[in-house]
Amino acid sequence: MNRLAKRGSETLIEMVATDGEESNGPLYETNSTAGSELPGSSEGLSSTETTLLISDHQGTAKRFNLFLRRRLMFDKRQQSKDSIFFCDGTRRIDYVLSYVDDPKQDGDKKAERRKEFENNLLKSGLELETEDKKDSEDGRTYFIKIHAPWEVLTTYAEVLNIKMPIRENDIPAAMENPFECMFGLFRLPKEVMNPEPDYFTAPFSKQRQELFFIEDENTFFSPSVRNRIVYYILSRCPYGTEEGKKKFGIKRLLSNGTYTAAYPLHDCQYWKKSKDQNCGNERYTLYTQWARFLRFYKEQPLDLIRRYYGERIGIYFAWLGFYTEMLFFAAVVGLICFIYGLITMTGNMSSIEICDEFIGGEIIMCPLCDKNCEYWKLNSTCEASRYSHLFDNVATLFFAIFMGIWVTLFLELWKRRQARLEYEWDLVDFEEEQQQLQLRPEYEAKCTQKKKNPVTQELEPYLPLTSQALRFCFSGATVLFWISLIIASMIAVIVYRLSVYAAFASLMEDTETLQPISSLLTPQLATSVTASCLNFVIIMILNFLYEKIAVWITDMEIPRTHLEYENRLTMKMFLFQFVNYYSSCFYVAFFKGKFVGYPGAYTYMFNKWRNEECDPAGCLIELTTQLTIIMAGKQIWGNIQEAILPWVWNWWRRRRARTNSEKLYSRWEQDHALQCFGALGLFYEYLEMVIQFGFITLFVASFPLAPLLALMNNILEIRVDSWKLTTQYRRPVAAKAHSIGVWQEILNGMAVLSVVTNAFIVAFTSDMIPRLVYYYAYSTDQNSPMSGYINNSLSVFLISDFPKEPGASLGAFTTCRYRDYRYPPDHEKKYLHTMQFWHILAAKMAFIIIMEHIVFIVKFFVAWMIPDVPAEVRARIKREKFLTIQILHEYELNKLKENLCNRTDYQVEKEVIATEGKRELAQVMG
């Protein structure tokens, strides 16, 4: 009855249209302040206006048309510039399409596509209203506003299996935390955290509307649900046949330039509330309570984020917030380990001996390259050895074990948090959104062959196995080629390291201005820093190029569903970025200094460049340098990309577009000036965080401050992501998601790998195991067990054994020292490995096995002890299912009694008994 009354207030155009072109849906309206012809789907005039103009009285039609335009002008002046409604002020704008009429670039072809597409939208039941280009700010852009009426919303809500409220939830809330008062500073107002009551829900049914909690048809479906339904229609609406193939979908029309943009509207400006009483002002609330950096210490309004942007974006911010909370504990422990290294730095016996003028100053080291390199004194690396102790100490072992357990706790507790969100957001029975499981429009368009689906027994398109195999082979070959390119670039950086070391050594020796900092900036450190910076630049360039290639080859594979598309792209991008970002760290951690040889018998890369040696204090400080530069550089560049570039781009677009400030700058024009978030926008956010997760887990034993850097970055990242999403991007189409998807499996794999990598770092990159072996087996000074360790760890080489002496002499000496455990030149096993070398190697392997088993046992025990779903949530889920089934069956039973009131008593009793039996069976099974 309400809908019939509402139809009586429709615009005049719809009421007078009785003839003309066939239209199975609401009619097409055109707004203009001048009598101009509209191209595209409105070329000539719309079907409605054509009907009016083919009247027998041409003059009357023209006068009516003029009256109509004046009325629309009046209505438009009455509207706020932030209005999100049609000109009648009642029908909400659920989606906006825009295009620029350009007859030079296939104008007629694009106009025909638009006309066909918009006619098909009308036939599907959507209502359209066009804004003429003369009413737009730039004077060039047409805007087509789309409204989904009640009949369309109810039909597709049932198709998409959308859950809607049937009754307010009466399950008592969980017990409050007794320490809640301590966290008051971090809480947001209750109306922000819980913008709507909690309801029992059920999949919407058009035939059972009375069951649902419908107070107002205009607000029953939230704006995010409405735009999701409209996008579903747009993505499957046909627009004709070209080259013998059926063409459909707004995505293809955007790619070929038929439309320039397609987007749902924000509900208001972000910096002030809308004057329209029907506007929820949720964007303003999100900006003031969430997107400002000064609110960094506040909790996130996850329910409001989910309501405005959809579950997929909501689950991302929930995961990012939880990850940041857990990083706090890792950062605190890492900072304590760093402070321990800082406190014990001055008492480190190794650095004391290196810096001692009578120990390190008397030890002559062999040249580090074959040409232009001098013999050098060990105490020249004094400062580097001190700083190395900051990260290479006993706390390193403890922190590596702690992080192995922390990763497990993070992943297991996130599963519990995710299960709670699934319950609160009605995603318990959700496997994947139906839209995700359905065929991609691109798949349907490109696959011309069909076969019967064994489940539905319907014909559907499919890609032949031979075609799939060829596409996968080409895709795999492309990915391998780019990974080979990364390895080649890494080898180039290694060659750079080998070739410039001599130049740095010579420069620092000959340049007087560099002498004051020579103790801090050694040739080894200078080489490592510049190589790390060069490597970072190469990483960013390769990333930029590969992103385009990865999307192209994934499109070429023609994945069947959206879920398959995202998973394939995720694996390609992650595999590439894993090798790209971590390859240099793996080289420094596990290869540098491990295959050097010894003086007179060095190993060479490509028989030309001598392999690098580690600093006498170890390679750990170089791994720390490499990790810091790449991790910090990536975070800084990422924030510049995410915050500064979108702001500059939007500012420039607004500056170019604002030709006449007196013209109305409407809500759809304001959003049109923003950037598009894109279907892969969230994908890149996840990828960035997962790569960061790798840095703080795979190599954290070398840099305990990595979690602290990640924590500070993530505090900024949450506010930057929220700010750009709220202020710099158009409103994304809402989509459902019950988890972080394939990223969960990637995180699990990296958690397992991190145990192995950190065990190897402590064993082979750190100096901890050699020091412990010396302490317990080879020390001769009981008062100072580590005294003499440096001398013990350096072998002796007779300079006359060099095939060609590489460097100039520092004085009268016949031997030099190098880092290894080999017999001296006067021993019968000259230059062969000593027994201590094998003792240390055995200790390293034993340590790796013991550490891995301890951490894995603890990990599996913790995972077993922590259930994925909290007991309270499991009980509430069962209770809600029981009550929902009871409500549904009571409704069906009452309806059945009403419908059978005119039948015989025997028929009524029989059907009632059958229904009650069905209800009891459902309760038992539930």
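This one's a predicted model, so the numbers in the text were calculated from it and none came from an experiment.

About the criteria used
Residues numbered from 1 in each chain as written. Predicted model: local features only at pLDDT ≥ 70, side-chain atom pairs only at ≥ 80, totals over all residues. Heavy atoms only, no water. Salt bridge = Lys/Arg side-chain N within 4 Å of Asp/Glu carboxyl O. Helix = DSSP H or I, 4+ residues; strand = E, 2+ residues; numbered from the N terminus. Buried < 20%, exposed > 50% of the residue type's maximum accessible area, 1.4 Å probe, protein only. Core = buried A, V, L, I, M, F, W, Y, C linked by side-chain atoms within 4.5 Å. Contact = heavy atoms within 4.5 Å. Polar contact = N/O pair within 3.5 Å; in protein donor to acceptor, adjacent residues only side chain to side chain. Axes fitted to C-alpha atoms, helices over the stretch in contact; angles between N-to-C directions. Parallel < 35°, antiparallel > 145°, perpendicular 65-115°, else oblique. Left-handed = near helix turned anticlockwise from the far one by under 90°. Nonpolar A, V, L, I, M, F, W, Y, C, P; charged D, E, K, R; others polar.

Colleague: Even after reading the chapter, I still don't get the pattern of salt bridges, so can you show me in this structure?
Modeller: Applying the stated criterion to the full structure yields 29 salt bridges. Across the pair Arg208 and Glu892 runs a salt bridge, and its minimum N-O distance is 2.7 Å. Placement of the pair is Arg208 in the loop between strand S6 (199-203) and helix H8 (217-220) and Glu892 in helix H30 (residues 871-899), with a sequence separation of 684 residues. A relative accessible area of 22% places Arg208 in the partly exposed class. Its relative accessible area of 30% is what places Glu892 among the partly exposed residues. One network of salt bridges, with partners in common, ties together Glu557, Glu564, Arg568 and Lys572.

Colleague: What am I meant to see in the environment of Leu126 here?
Modeller: For Leu126, the position within the fold is in the loop between helix H5 (107-123) and strand S3 (127-131). A sequence separation of 27 residues divides Leu126 from Leu153, and the C-alpha atoms of the two residues are 9.6 Å apart.

Colleague: Hey, could you run me through the nonpolar core in this one?
Modeller: One finds Trp319, Tyr323, Trp406 and Tyr582 to be the most contacted residues of the largest nonpolar core, which totals 140 residues. Here the element with the most residues in this core is helix H13 (residues 311-343); it accounts for 16 residues. If we ignore the near neighbours within four places in the chain, the residues touching Tyr582 are Gln577, Val690, Ile691, Gly694, Phe695, Leu698, Phe699 and Met750. Formed by 47 residues, the second largest nonpolar core is a distinct cluster that contains Ala157, Ile162, Val225 and Tyr891.

Colleague: Hey, could you run me through the side chain of Ser224 in this one?
Modeller: Relative to the elements of secondary structure, Ser224 occurs in helix H9 (residues 223-234). The exposure class assigned to Ser224 is buried, which follows from its relative accessible area of 7%. Polar contacts involving the side chain of Ser224 include one to the main-chain carbonyl oxygen of Arg307, which spans 3.0 Å. With sequence-adjacent residues up to four places away left out, Ser224 is seen in contact with Arg307, Tyr308, Arg731 and Ala734.

Colleague: Help me understand the packing of helix H20 (residues 523-557) against helix H21 (residues 562-590), please; the structure alone is not making it clear to me.
Modeller: For any two helices packed against each other, the geometry comes down to the angle between their axes and how far apart the axes lie. Viewed as axis vectors pointing N to C, H20 and H21 meet at an angle of 160°, and their least axial separation amounts to 10 Å. It follows that H20 is roughly antiparallel to H21 by the angle criterion. The handedness of the crossing between H20 and H21 is right-handed. Of the residues in the contact of H20 with H21, the class split is 12 nonpolar, 6 polar and 5 charged.

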